[in-house]
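Geometric and topological summary
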Amino acid sequence: MATVDELQKQHEAKLDEILRAIGGKGKSSDWALVRALIHKAVHFNADAKAGEFCAIATFLAEQTGHAHSLLHSGDAPAARHEDFKH
């Protein structure tokens, strides 16, 4: 039986195809796509009861750190980010 990591890789490969088709239409559109994916993922998780709240909260926190390192990989410290606050 496949592990969660193996299943995740399979799902990500399928999502790559979809993201190539609907992404790349500008910064605002891509940011809206990111928000939509996260929002739908949270609802999918809740509807499917796929993971407990603590598991999704921990994973989102890990991904927040991952996103920060991808966007600021070794650069000098960035200015405060006020433009995307909720």
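Moving on: the overall build of the protein. Assigned secondary structure in the protein consists of 3 helices and 0 strands. Walking the protein from its N terminus toward its C terminus, one meets helices and strands in the order α-α-α. For the protein, the residues scored as buried account for 5% of the 86 residues in total. Only carbon and sulfur atoms are counted for the fraction: they give 63% of the accessible area of the protein, which is about 7800 Å².

As a further point, take the environment of Ile38. Position of Ile38 among the secondary structure elements: in helix 2 (residues 27-48). Owing to a relative accessible area of 44%, Ile38 belongs among the partly exposed residues under this scheme. When the C-alpha atoms of Ile38 and Leu60 are compared, they prove to be 9.2 Å apart, with 22 residues separating the residues in sequence.

About the cut-offs
Residues numbered from 1 in each chain as written. Predicted model: local features only at pLDDT ≥ 70, side-chain atom pairs only at ≥ 80, totals over all residues. Heavy atoms only, no water. Helix = DSSP H or I, 4+ residues; strand = E, 2+ residues; numbered from the N terminus. Buried < 20%, exposed > 50% of the residue type's maximum accessible area, 1.4 Å probe, protein only. Areas by Shrake-Rupley, 256 points an atom, 1.4 Å probe, with all protein chains shown as cover.

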